[in-house]
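Below are the chains, spelled out letter by letter.
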Amino acid sequence: MTKTNAGNFFEDFKVGQVLHHATPRTVTEGDVALYQALFGSRFSLQSSAEVARKAGYATAPVDDMLAFHIVFGKTVPDVSLNAVANLGYADCRFLKPVFPGDTLSSESKVIGLKENSNGETGVVYVRSTGRNQKGDIVLDYVRWVMVRKRHAASPAPEEDVPHLPAAVGAAHLAAPAGTSFKGFDTAASGSPHLWDDYEVAEKIDHVDGITIEEAEHMMATRLYQNTAKVHFNQYTEGKGRFGRRLIYGGHVISLARALSFNGLGNAVLVAAINGGRHVAPCFAGDTVFAWSEVLDKAEMKGRADLGALRIRTFATKDRPCGDFPGPKEKGYEDGVILDLDYWVLMPRR
Amino acid sequence: MTKTNAGNFFEDFKVGQVLHHATPRTVTEGDVALYQALFGSRFSLQSSAEVARKAGYATAPVDDMLAFHIVFGKTVPDVSLNAVANLGYADCRFLKPVFPGDTLSSESKVIGLKENSNGETGVVYVRSTGRNQKGDIVLDYVRWVMVRKRHAASPAPEEDVPHLPAAVGAAHLAAPAGTSFKGFDTAASGSPHLWDDYEVAEKIDHVDGITIEEAEHMMATRLYQNTAKVHFNQYTEGKGRFGRRLIYGGHVISLARALSFNGLGNAVLVAAINGGRHVAPCFAGDTVFAWSEVLDKAEMKGRADLGALRIRTFATKDRPCGDFPGPKEKGYEDGVILDLDYWVLMPRR
Amino acid sequence: MTKTNAGNFFEDFKVGQVLHHATPRTVTEGDVALYQALFGSRFSLQSSAEVARKAGYATAPVDDMLAFHIVFGKTVPDVSLNAVANLGYADCRFLKPVFPGDTLSSESKVIGLKENSNGETGVVYVRSTGRNQKGDIVLDYVRWVMVRKRHAASPAPEEDVPHLPAAVGAAHLAAPAGTSFKGFDTAASGSPHLWDDYEVAEKIDHVDGITIEEAEHMMATRLYQNTAKVHFNQYTEGKGRFGRRLIYGGHVISLARALSFNGLGNAVLVAAINGGRHVAPCFAGDTVFAWSEVLDKAEMKGRADLGALRIRTFATKDRPCGDFPGPKEKGYEDGVILDLDYWVLMPRR
């Protein structure tokens, strides 16, 4: 019997099954520095231990998306090694801050299965949960992927498609316990605009663009121990559909989030991801731009210091976003690569 | 009103104005490792906590230029986002060591203004100050940049050009308090040559060359949270003057400083930068070489263990420095990209 | 007299001579994160402080090969700056774990000399020893390199070729004191296969491939403060034998070790390197694959929790390893770049 991991095929998943993913991973200040170097984020809460302490944290929490990518990376060997496509995310909530020194581990529960009509693939729905060393859930989310069947002849499982919320309800967002953003220092953060200043339907062009290099996205994705083959192997991908290594979709999310600082500079925390679609592939050499629309605003229960903004951020490649490119009648305007719907938390006046 | 930062234009600066820059940044061992990986420095004081402790430090201080780049990076969004050119540095002093865990912040005071005769740009002089979390000044320096006017028709401010010293006087150099380099371990440092062994007018070819990649300079510059657009965006720069991303001048300074180890291996600290000029642009693919001349030697008041050397280091691209290429009648010899005049501290016999 | 290091030539080495190498280097969590980002390793003992603590460590030890590269890097300026070729390694033992915060230093003893018949080069054998700040030996190894003579006319030294073991005897392998891998968590490690499950002569294709970029191997090699010129300088190498920068052989070893996780996921420690040959050069753009054969199995004296596997790992470039490419009658099959013989330690049932 081979000792290498061939990954799970569609037949291997059963609704209710729990997958305990390897490998627990201790997050360090080294990871934080690399994340900084790769994305150039500037949100003051993650950048400065002093800002974090003033807000009641023991030290600076790590970027929410760094925690997400590490939790996500662990699911790949069990969930998506034989995936044809990552179809979507839903109901992702960030529940506890992650600090350097915390050890993250992941597990996934299969919550739905649906064979495709071609008999060759099926859709697997999992709820993945990231925990710290104390067992606290730091984040959880649903994703669904199209996975190859081992044998086309295998019988189809009973169709079981979970009901997923279109968005996380504002009442379900978690503000970090024991913190206060009252009197948040906007000179230090670099933006004078607080929650009160944003209007629903407001659009913000984040202006700047960042070109991605092969070394960068591979370093990022290895940092997360994400083993999806398409990101690393030019020998094989050179013969494949795109002729190139494909960039991990999460890399684009992190770039878009970092770019969004210019316009959303006080959006210190990501509280939830309502949904996300990687609309087109991204490759080394592409320059990523982003713009955002405010979809909704919500107060946070019991917190006069923080409010929530529901944001829809679009990222593009090789297309500045001054004209706000987004969906069109069918699909998306040229150059759009990411359509991300999420909640951020921002200090209030 | 847009919530994105358009940066300041020439009209926005007033002499005496103080700019409090975002974002405070906690320096970590992760930053130190990245700096090591990007430049390959080998000075033993920064490399080894044991060497640092023997010299009286609590632990290894971070590279002086890493601290400089972080302090500098913060000034970009307010000072040079609309800069046409970074014209020069002067009177930069390194006053306190920076350690992992320290949080750096920056502010700049406008100390001079001079509109250019074309009416479209002006020169802004600022003194920028980097402080740690205790409020101690860790370094400060003057730089002047040519900045676009918002409107050519705006009236010119009163011309006010500050008097700047040609060099920091040796009497104004700071040696780190509470340290002693007596009996400095030259086997550990890798060079037998101490302050006493250097002669004024001595020239040293640093021999080695290092080729720069796009991923490297972008990672470095994002690490410092320097947001100058020209370094990151191939889409826009591809249509621009050079057709390429321009490398942050400080990247070349750090490479030259790391290369200078071969010949100046005991120059453990940078005490001051007297002046620096980026003589020609540097791009990915260029191989950087360097050579130095000893301009001056000075004793340090109250310190028999340390002396100061005033060094002029030239960096070149794609040109080895065995023939010491430097200034010529008009401008510089081919390949020269950096002319840097600075003081280093070196243990004495 | 020049103050730059010209390195030692063959005439400079004497049998019995001890070289104290610069620069002591404090290993940090930043180094660990960079190593993770560059190689993507997933062995749970190094990845998780919690897994390490359960096994009796104070925290997660750093990857054995990271420690090796740092110790090796220090030897370059004194041993191999004028090397024509790195000919081999032998008798390398990993004796103590290295943790973030430890400061590593290296020394080498010349144990053999043999002038080549051409009179222009000679082979230098050194035993290099890496120590932590307490003076404990963390690893030591023999390597031999072909070094240029300063003058072809210099008289040849007496030939003195050391006797080197073909492999480290299993009785000489060191298991880390104070640890126990009893009940090792294989769900956390990601592989169900323990020492008991491997058979001598078993072959394992590690399946995955990773493409190397210039920025990556240069960052890695600078992280180790390895100054060998061929890795960094495209200006000079572009005119040289290969027309390209040559990748540090240790980079390929680290990639092969990381790839070997897929099939050897519980090989948590490298205990010894019996021998290694870099069979062909490796360049940026190459995609590295690997496969392994189990050469031997051994119990560890006094340890029912751990066993040793002697592994021979081959790495290839641009050639998947499903057909196990290795040595042929003369030399190696096309694409093979590394032939590495080493001992790993793996938990037992």
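Residues numbered from 1 in each chain as written. Chains lettered and ligands numbered in written order. Predicted model: local features only at pLDDT ≥ 70, side-chain atom pairs only at ≥ 80, totals over all residues. Heavy atoms only, no water.

Asks: What should I look at first to understand the relation of the copies chain A and chain B in this one?
Replies: Note: a rotation about an axis with an accompanying shift along it relates these two copies of the chain. Rotating chain A by 120° and translating it 0.0 Å along the rotation axis places it on chain B, where the RMSD comes to 0.0 Å. Considering both components of the superposition, the chain copies are consistent with a three-fold axis. Closest approach to the rotation axis within chain A is made by the C-alpha atom of Gly-30 of chain A, at a distance of 2.2 Å. Taken as a fraction of all interface residues of chain A, those also at the interface in chain B reach only 11%, which identifies the copy contact as different-surface. (Least-squares fit on C-alpha atoms with pLDDT ≥ 70 in both. Contact = heavy atoms within 4.5 Å.)

Asks: Please explain the interface of chain C and chain A as it appears in this structure.
Replies: Of the residues lining the interface, 46 residues belong to chain C; the matching set on chain A comes to 35 residues. Taken together, both faces of the contact between chain C and chain A bury some 2900 Å²; the carbon and sulfur share is 59%. Among the residues chain C hides against chain A, the three largest losses belong to Ala-37, Arg-42 and Ser-47 of chain C. Together they make up 18% of the total. For the pair chain C and chain A, the number of links is four salt bridges. Close ionic contact of Glu-213 of chain C with Arg-245 of chain A constitutes a salt bridge, the shortest N to O distance being 2.8 Å. Taken together, chain C and chain A are joined by 18 residue pairs in polar contact (both at pLDDT 80 or more). Elements with a minimum of two residues in the side of chain C that touches chain A: helix H1 (29–39), helix H2 (44–47), helix H3 (49–54), helix H5 (186–189), strand E7 (203–205), strand E8 (210–211), helix H6 (214–223) and strand E10 (287–300) of chain C. With eight residues, H1 of chain C is the largest single contributor of residues to the side of chain C that touches chain A. For the side of chain C that touches chain A, the residue count by class is 19 nonpolar, 16 polar and eleven charged. (Buried area = accessible area lost by both parts, 1.4 Å probe. Salt bridge = Lys/Arg side-chain N within 4 Å of Asp/Glu carboxyl O. Polar contact = N/O pair within 3.5 Å; in protein donor to acceptor, adjacent residues only side chain to side chain. Helix = DSSP H or I, 4+ residues; strand = E, 2+ residues; numbered from the N terminus. Nonpolar A, V, L, I, M, F, W, Y, C, P; charged D, E, K, R; others polar.)

Asks: So what exactly am I meant to see when it comes to the packing of H1 of chain C against helix H4 (residues 64–80) of chain C here?
Replies: For any two helices packed against each other, one specifies the crossing angle of their axes together with the interaxial distance. All names here are of chain C. Look at H1 against H4: their axes get within 11 Å of each other, and the N-to-C directions meet at 110°. Taken as axis vectors, H1 and H4 run roughly perpendicular relative to one another. On the side of H1, the interface is formed by Asp-31, Val-32 and Tyr-35, while H4 contributes Met-65, Leu-66 and His-69. Classifying every residue of the contact of H1 with H4 by side-chain character gives four nonpolar, one polar and one charged. (Axes fitted to C-alpha atoms, helices over the stretch in contact; angles between N-to-C directions. Parallel < 35°, antiparallel > 145°, perpendicular 65-115°, else oblique.)

Asks: Sorry, what's going on with the interface of chain A and chain B here?
Replies: At the junction of the two partners, chain A supplies 46 residues and chain B supplies 35 residues. When the buried area of chain A at its contact with chain B is split by residue, Ala-37, Arg-42 and Ser-47 of chain A rank highest and sum to 18% of it. For the pair chain A and chain B, the number of links is four salt bridges. Measuring nitrogen to oxygen at the nearest pair gives 3.0 Å for the salt bridge that ties Glu-216 of chain A to Arg-222 of chain B. For the side of chain A that touches chain B, the elements supplying multiple residues, two or more each, are helix H1 (29–39), helix H2 (44–47), helix H3 (49–54), helix H5 (186–189), strand E7 (203–205), strand E8 (210–211), helix H6 (214–223) and strand E10 (287–300) of chain A. Here the side of chain A that touches chain B gets eight residues from one element, more than from any other, and that element is H1 of chain A. For the side of chain A that touches chain B, the per-class residue count stands at 19 nonpolar, 16 polar and eleven charged.

Asks: Explain the nonpolar core here, please?
Replies: Soluble globular proteins: nonpolar side chains tend toward being buried together. By size, the foremost hydrophobic cluster in this structure holds 192 residues, and its most contacted members are Leu-34 and Phe-68 of chain A, Leu-34 and Phe-68 of chain B together with Leu-34 and Phe-68 of chain C. Discounting chain neighbours no more than four positions away, the residues touching Phe-68 of chain B are Tyr-89, Cys-92, Phe-94, Leu-139, Tyr-141 and Tyr-248 of chain B. (Core = buried A, V, L, I, M, F, W, Y, C linked by side-chain atoms within 4.5 Å. Buried < 20%, exposed > 50% of the residue type's maximum accessible area, 1.4 Å probe, protein only.)

Asks: Help me out: how do you make sense of the pairing of E10 of chain A in this one?
Replies: A regular strand carries its side chains on alternate faces of the sheet. All names here are of chain A. Pairing analysis gives three bridges linking E7 to E10, with the strands arranged antiparallel. In the strand pairing of E10, Ile-204 is matched with Ser-292. Taken together, the two bridges between E8 and E10 define a ladder with antiparallel strand orientation. Each bridged residue has a counterpart across the sheet, and for Thr-211 the counterpart in E10 is Thr-287. Inspection of the sheet shows E10 paired to strand E11 (residues 303–317) by twelve bridges, in the antiparallel sense. The residue of E11 that forms the bridge with Glu-299 is Gly-307. (Pairing = 2+ DSSP bridges.)

Asks: Please explain the packing of H6 of chain A against H6 of chain C as it appears in this structure.
Replies: Close contact between H6 of chain A and H6 of chain C brings their axes to 8 Å; oriented N to C, the two are set at 60°. Compared by their axis directions, H6 of chain A and H6 of chain C come out oblique. Facing H6 of chain A, whose interface residues are Glu-214, Ala-215, Met-218, Met-219 and Arg-222 of chain A, H6 of chain C presents Ala-215, Glu-216 and Met-219 of chain C. Looking at the contact of H6 of chain A with H6 of chain C residue by residue, the classes come out as five nonpolar, no polar and three charged.

Asks: Please clarify how the pattern of salt bridges should be interpreted in this entry.
Replies: Working definition: two side chains of opposite charge can pair if their charged atoms are close together. Residue and element names in this part refer to chain A. In total, this model carries 60 salt bridges over all chains according to the counting rule given. Put simply, Asp-197 and Arg-349 hold a salt bridge, and the shortest N to O gap is 2.6 Å. Taken together, the residues Asp-197 in the loop between H5 and E7 and Arg-349 in the segment after strand E12 (336–347) connect sequence positions 152 residues apart. Linked by salt bridges that have partners in common, Asp-91, Arg-127 and Asp-140 make up one network.

Asks: Is there a simple way to explain the relation of the copies chain C and chain A in this structure?
Replies: Least-squares fitting of chain C to chain A yields an RMSD of 0.0 Å, with the transformation described by 0.0 Å of translation along the axis and a rotation of 120°. Interface residue correspondence from chain C to chain A reaches only 11%, placing this contact among heterologous pairings that use different surfaces.

Asks: What should I look at first to understand the environment of Ser-254 of chain B in this one?
Replies: Residues and elements named next belong to chain B. Mapped onto the secondary structure, Ser-254 falls in helix H8 (residues 249–259). Taking the C-alpha atoms as reference points, Ser-254 and Glu-120, separated by 134 residues in sequence, lie 33 Å from one another. In contact with Ser-254, not counting residues within four places along its chain, are Tyr-35, Phe-39, Met-65 and His-69.

Asks: Quick question: what am I supposed to make of unusual backbone geometry here?
Replies: Most peptide bonds take the trans form, and the phi angle of most residues other than glycine is negative. Following Ala-22 of chain A, the chain continues to Thr-23 of chain A via a peptide bond in cis, the omega torsion being -5°. If you trace the backbone, Thr-23 of chain A turns up in the loop between strand E1 (18–20) and strand E2 (25–26). Positive phi, close to 60°, is recorded for Gln-225 of chain C, a residue that is not glycine. Within the element layout of this structure, Gln-225 of chain C appears in the loop between H6 and helix H7 (234–237). The buried category is assigned to Gln-225 of chain C, whose relative accessible area is 4%.

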